[in-house]
Structure formats: structure tokens, C-alpha cells
2 protein chains.
Amino acid sequence: MAIELALTRQGHQVATAATGEEALELWQTQRPELVVLDVMLPGLDGFEVCRRIRRTDQVPIILLTARSDDIDVVVGLESGADDYVVKPVQPRVLDARIRAVLRRQGNGVADIGDTAVFGDLVIDRAAMTVTRGGVPISLTPTELKLLVELSRRPGQALSRQQLLRLVWDHDYLGDSRLVDACVQRLRAKVELVPSDPRLIRTVRGIGYRLDPPR
Amino acid sequence: MAIELALTRQGHQVATAATGEEALELWQTQRPELVVLDVMLPGLDGFEVCRRIRRTDQVPIILLTARSDDIDVVVGLESGADDYVVKPVQPRVLDARIRAVLRRQGNGVADIGDTAVFGDLVIDRAAMTVTRGGVPISLTPTELKLLVELSRRPGQALSRQQLLRLVWDHDYLGDSRLVDACVQRLRAKVELVPSDPRLIRTVRGIGYRLDPPR
DNA sequence: TCCTCCCGTCACAGCTTTGCCACAGGGGCC
DNA sequence: GGCCCCTGTGGCAAAGCTGTGACGGGAGGA
């Protein structure tokens with residue numbers, strides 16, 4: 001069938017079933033990475049196959065069908081399918097949808113969300129946690145905010161005034177050791193050798209910069 | 001807009017942006033569970049917004065558009081979107097697709113279907129029950145809602161304001177001990193040692209976070 | 001070499017933030 | 001109508017964070 005050919009061309013390994021029962025058997029024996037199911041199958045229809053697979057397995061399922069009724073889409077998705085595609089479909093569209101589903105599947109556990117990595121320093125901006133070599137570092141709110149702002153602009157020198165505005169949210173114009181003091185406290189917790197900072201570098205006459213390693 | 005209304009009716013909490021820039025800002029401040037993006041936006045278009053969000057965040061994104069060109073679908077999905085829906089769309093179809101994407105998103109550690117597991121704490125969001133070590137814990141409606149919202153974003157720090165919006169549904173700007181009080185009551189029931197919380201962690205200067213164990 | 005800024009460092013006092021508690025109003029259920 | 005549970009508020013104390021000013025050292029320029 002045309003779809004099988006197209007998927008094979010796109011580099012997927014494909015096994016095909018002619019009936020719903022056959023599909024279930026294939027799924028059990030082959031344990032595929034992803035299932036593409038036509039709804040109109042002899043024997044068990046696609047919805048039913050989908051539901052049976054879902055009873056025990058979280059394998060990604062894409063329903064494929066010529067029926068484009070809204071109600072079918074809803075029923076299909078509520079049977080546990082991950083996507084519902086209406087035929088006719090361009091091979092590359094199907095491929096894109098397959099990859100979207102697989103992509104989502106891929107990062108199930110170690111979800112690298114809003115995270116920045118500098119050497120062995122990991123800044124998780126979603127959890128608002130910082131670890132070095134996997135060991136959590138306890139930072140105060142201001143230190144954390146400062147580090148986050150620096151990490152948003154890696155390798156870019158930020159003036160004290162910019163930092164005051166970003167972190168402290170006030171336009172200080174006078175001379176102040178405020179930023180320096182906070183940077184010092186941050187270095188004490190974050191740098192391996194605080195007296196020889198490798199991450200938070202001083203830019204003389206300007207301010208500070210968070211260096212990406214190497 | 002019609003879609004917002006429909007989604008609200010379906011029980012979702014909705015925040016709307018008029019431009020791409022606004023969307024990015026909303027995403028950053030509100031940390032939604034899912035983003036629905038129209039491709040045709042003034043300013044940055046949906047593809048670009050999608051790509052920018054994807055640089056740092058794995059939040060589910062559904063692209064919504066009147067353009068049904070195959071190439072658009074492919075471009076959209078390759079921008080990192082999880083689904084691509086062509087307008088006009090029936091509200092319940094959109095809802096089904098939203099729920100499919102959310103279901104697919106293996107949220108955190110041992111999230112089976114609508115159940116979240118944190119150590120020996122099991123939150124069944126379908127049954128709206130919570131057990132610890134198999135023993136049911138009786139929570140008040142507000143406590144339950146708070147725990148559910150936290151469990152939907154495991155490991156992510158949520159500000160008091162975000163929690164007020166999610167759980168209490170009001171935009172409080174002033175200082176309030178409301179969230180703290182509820183967290184304290186929740187901890188008393190949920191934590192093994194309430195004075196040394198392991199699940200609901202305080203993020204000083206921010207708010208709270210539900211930690212996935214280890 | 002010397003001088004001049006600029007930056008690192010430190011300690012402390014004030015203040016913000018949070019945990020905890022008690023209480024009263026209100027809503028729901030009998 | 002009465003009772004009970006839930007919920008929001010205010011207060012209090014403790015913990016911990018933060019900003020400031022002074023001082024010394026070091027880097028860079030003359």
C-alpha cells in the first residue's frame with residue numbers, strides 16, 4: 001500500500017497488518033515504536049484496536065482514516081490515540097506528525113525544560129534550582145535571580161546598571177557595591193575556586209559576564 | 001474570541017495574547033500547561049513564537065491556523081509544535097486534541113494516565129483522590145485543587161500569584177498569607193514530617209514546588 | 001615605578017519572608 | 001434552623017537575607 005512504501009522511503013521499518021486482529025498480534029509480537037492504524041479495518045476497527053492496545057501499552061498510536069467527521073476525531077482521540085490524520089495525506093505530513101509524536105514520547109522522563117548548562121553547573125529556571133555536578137546548591141532569591149539573568153545572556157557582558165535594572169528592578173545611578181557584593185556571594189557558592197572565578201568573570205570597567213565553558 | 005470562550009466552557013483556564021510578543025510574555029509569566037498558537041499573528045508569527053518557546057521549554061504547543069497547506073503543517077511541526085490544527089475547528093475536536101497532547105506528555109516521573117505518583121503519594125486526578133502508601137488521605141476541595149495544580153507541573157516552582165490564579169482564580173496583587181496557609185494545611189496532611197517537607201518545597205522569594213522524588 | 005581607580009571582601013543591623021496559630025465568618029448538610 | 005467543617009485573615013516570632021560603608025589589594029595607565 002502507498003503509505004507503507006512512503007514510510008519505508010522515509011527510513012522507517014514497517015510491518016503491515018490487514019485486519020484488526022492481525023494488527024493486535026503484530027503489536028504484541030513486534031513491539032513497534034509507533035502504530036499507525038487505519039480506522040476502517042475488517043474485523044475489529046481501528047478504534048477498538050486502539051482501545052485494546054491502550055489497556056496495557058503506552059505505545060504512540062496515530063489513527064489514519066478517510067472519515068473526517070468531527071465525531072470520529074473525538075472518538076479516535078478518546079480511544080487513546082495520540083494523533084488523528086485524515087486521508088489523503090502527503091507522506092511528508094504523515095512523517096512530520098510521526099516525528100512530532102515520537103519527539104513528545106522521547107522526553108518522557110528527563111524532561112530538559114527551561115534549563116541552562118555551564119560546565120557542571122546546571123541552572124533549572126523552571127524549578128528554580130541550581131546544581132553543580134548533580135549536587136544541589138542553595139542560593140538566596142537575589143543570588144538566584146542574578147544567576148538566572150546572567151544565564152539568559154551567556155557570554156555577554158552586563159553592566160552593573162543593567163544588572164541593577166534586571167535583578168533589583170531599580171534605576172540606581174550612583175556608585176554602589178551592591179552588585180559586587182551579590183556577585184561575590186554567588187561566586188562563593190557557585191565557583192569551584194571563588195578567588196579564581198571561571199564562570200562569572202569580571203569585565204573591568206563594565207560589569208560581569210557568565211562564560212560558557214570553552 | 002470564539003475559541004477562548006469554547007475552551008473556557010470546556011473547563012480550561014485561558015489567557016489570551018493578541019500578538020506574538022505578548023504570547024511570549026504570557027508564556028513566561030503564566031507558565032501554562034499548554035499553548036495554543038495561531039500562526040497568523042501580528043508581530044512574530046506562530047512558527048517563530050513556537051521556535052522561541054522551544055529553545056528553552058517543552059510545554060505542549062498546538063498550532064492553530066486557517067492555512068492548511070501541507071508545507072505549513074510540516075513547517076509547524078518541525079518548529080516543535082505537538083499538533084497542528086486547521087481552522088475552522090469544532091470546539092470539542094480542539095478539546096480532544098488538547099487532551100491527547102496533554103495525555104501524551106509523560107508528565108514527570110510515573111505519570112500514568114491521569115495519575116501522578118510522588119514517592120508513596122498517589123494523586124488520582126480522575127477520581128480526585130489522594131493516597132499515601134495506599135491509605136486514602138482526606139483533603140478539602142481547596143487543598144486538593146492546590147495539590148493537583150502543583151502535581152500538573154512537577155518540579156516546577158510556582159509563584160504565589162500563579163497559584164492564586166490557578167487555584168483561587170483571582171488576580172491578587174497585594175500581600176496575602178492565603179497560599180501559605182493552605183500549603184501549611186496541605187503539608188500537615190501530606191508530608192510525613194510536616195516541619196521538614198520533602199514533597200512541597202518552599203522556594204524562597206518565589207513560592208512553592210512539588211518535588212518529584214529523586 | 002608610582003599613582004589612580006576599580007574591584008573584592010567583610011561584618012552588621014535592619015528588614016523581608018515564611019511558618020505557625022487562633023479566630024471568626026460563611027456555606028453546606030442534615 | 002442548627003451544627004460542623006472549611007476558609008480567609010491577621011498577628012507574631014524566628015530565620016535568614018540584604019544593603020551599606022569602609023578598607024585593602026591589584027590591575028592598568030602615565
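Here goes a summary of the coordinates provided. (Residues numbered from 1 in each chain as written. Chains lettered and ligands numbered in written order. Predicted model: local features only at pLDDT ≥ 70, side-chain atom pairs only at ≥ 80, totals over all residues.)

Observations regarding the protein's contact with DNA strand C
So the rule is basically this: Any residue qualifies as near a molecule or strand once its backbone-derived C-beta atom lies within 6 Å of it. Secondary structure elements follow DSSP: runs of H or I no shorter than four residues count as helices, runs of E no shorter than two count as strands, and numbering proceeds from the N terminus. Residue type decides the class: Asp, Glu, Lys and Arg count as charged, Ala, Val, Leu, Ile, Met, Phe, Trp, Tyr, Cys and Pro as nonpolar, and the leftover types, Gly among them, as polar.
Within the structure, DNA strand C sits among 20 residues, and Arg177(A), Asp180(A), Thr202(A), Ser195(B) and Thr202(B) are positioned closest to it. Elements represented by at least two residues in the surface near DNA strand C include exactly α8 (178-190) of chain A together with α8 (178-190) of chain B. Considering only residue class, the surface near DNA strand C consists of five nonpolar, eight polar and seven charged.

Structural notes on the nonpolar core
For the record, the criterion: Here, a nonpolar core means buried Ala, Val, Leu, Ile, Met, Phe, Trp, Tyr and Cys residues linked by C-beta atoms lying within 7 Å of one another. Here exposure depends only on C-beta density: within 10 Å of a residue's C-beta, 20 or more other C-beta atoms make it buried, 12 or fewer make it exposed, and intermediate numbers make it partly exposed, the C-beta atoms being placed from the backbone.
Among the nonpolar cores identified, the biggest contains 50 residues, and Leu37(A), Ile62(A), Leu63(A), Leu37(B), Ile62(B) and Leu63(B) are the most heavily contacted of them. Listed in part, the 47 residues of the second largest apolar core include Ala116(B), Ile123(B), Leu147(B) and Leu158(B).

Things to note about the sheet that holds strand β5 (residues 121-124) of chain B
Residues and elements named next belong to chain B. Applied cut-off: For two strands to be treated as a pair, DSSP must find no fewer than two bridges joining them. Between the N-to-C directions of two axes lies an angle of 0 to 180 degrees, each axis being a line fitted to C-alpha atoms and, for a helix, fitted only over the stretch in contact.
The four strands lie next to each other as β4-β5-β6-β7, forming an open sheet whose pairing is antiparallel. Taken across any chain shown, the strands that pair with only one partner, and hence form the sheet edges, are β4 (115-118) and β7 (135-137). The sheet shows a mean angle of 25° between the axes of neighbouring strands, direction not considered. Sheet analysis places β4 next to β5, joined by four bridges and oriented antiparallel. Pairing of alanine 116 across the sheet is with isoleucine 123, part of β5.

What to know about the sheet that holds strand β3 (residues 83-86) of chain A
All names here are of chain A. What the three strands build is an open sheet, ordered β1-β2-β3; its pairing is parallel. Lying at the two open borders of the sheet, with one neighbouring strand each, are β1 (35-38) and β3. With strand direction ignored, the average angle separating the axes of adjacent strands in the sheet is 25°. Here β1 pairs with strand β2 (residues 61-65) via four bridges, running parallel. By the bridge assignment, aspartate 38 is partnered in β2 with leucine 64.

Section: helix α3 (residues 46-56) of chain A
Residue and element names in this part refer to chain A. The test is simple: Along the arc lie the directions from the helix axis toward the C-beta atoms. Residue pairs are scored as contacts if the distance between their C-beta atoms, which are placed from the backbone, is within 7 Å.
All of the buried residues in α3 are Gly46, Phe47, Val49, Cys50 and Ile53. Projected down its long axis, α3 shows its buried positions confined to an angular sector of 160°, all on one face. Exposed residues pointing more than 90 degrees away from the buried face of α3 are listed as Arg55 and Thr56. Among the structural elements, α2 (20-30), β1, β2 and α4 (70-78) are those in contact with the buried residues of α3.

Some thoughts on the environment of Leu144(A)
Residues and elements named next belong to chain A. The residue leucine 144 is located in helix α6 (residues 141-152) in this model. On the neighbour-count criterion, leucine 144 (24 C-beta atoms within 10 Å) is buried. For the pair formed by leucine 144 and isoleucine 123, sequence separation is 21 residues and the distance between their alpha carbons is 9.2 Å. Apart from the residues lying within four places of it in its own chain, the contact partners of leucine 144 are Met128 and Leu139.

Digging into the interface of chain B and chain A
Contacts between chain B and chain A engage 28 residues on the former and 26 residues on the latter. Elements with a minimum of two residues in the side of chain B that touches chain A: α4 (70-78) and α5 (91-104) of chain B. Broken down by element, the side of chain B that touches chain A gets its largest block of residues, six residues, from α5(B). Looking at side-chain class alone, the side of chain B that touches chain A contains 10 nonpolar, eight polar and 10 charged residues.

Looking at the pairing of strand β2 (residues 61-65) of chain B
All names here are of chain B. Definition in use: Clockwise travel from the first strand over the helix to the second, with the strands pointing away from the viewer, marks a crossover as right-handed.
Counting buried residues in β2 gives five out of five residues, a clear majority hidden from the surface. Taking every second residue as pointing to the same face, both faces of β2 are buried, with Ile61, Leu63 and Thr65 on one and Ile62 and Leu64 on the other. Read from strand β1 (residues 35-38) through helix α3 (residues 46-56) to β2, the crossover connection turns out right-handed. Pairing of β2 with strand β3 (residues 83-86) involves four bridges; the strand directions are parallel. Considered in β3, the bridge of leucine 63 is made with tyrosine 84. In this fold, the crossover linking β2 to β3 by way of α4 has right-handed handedness.

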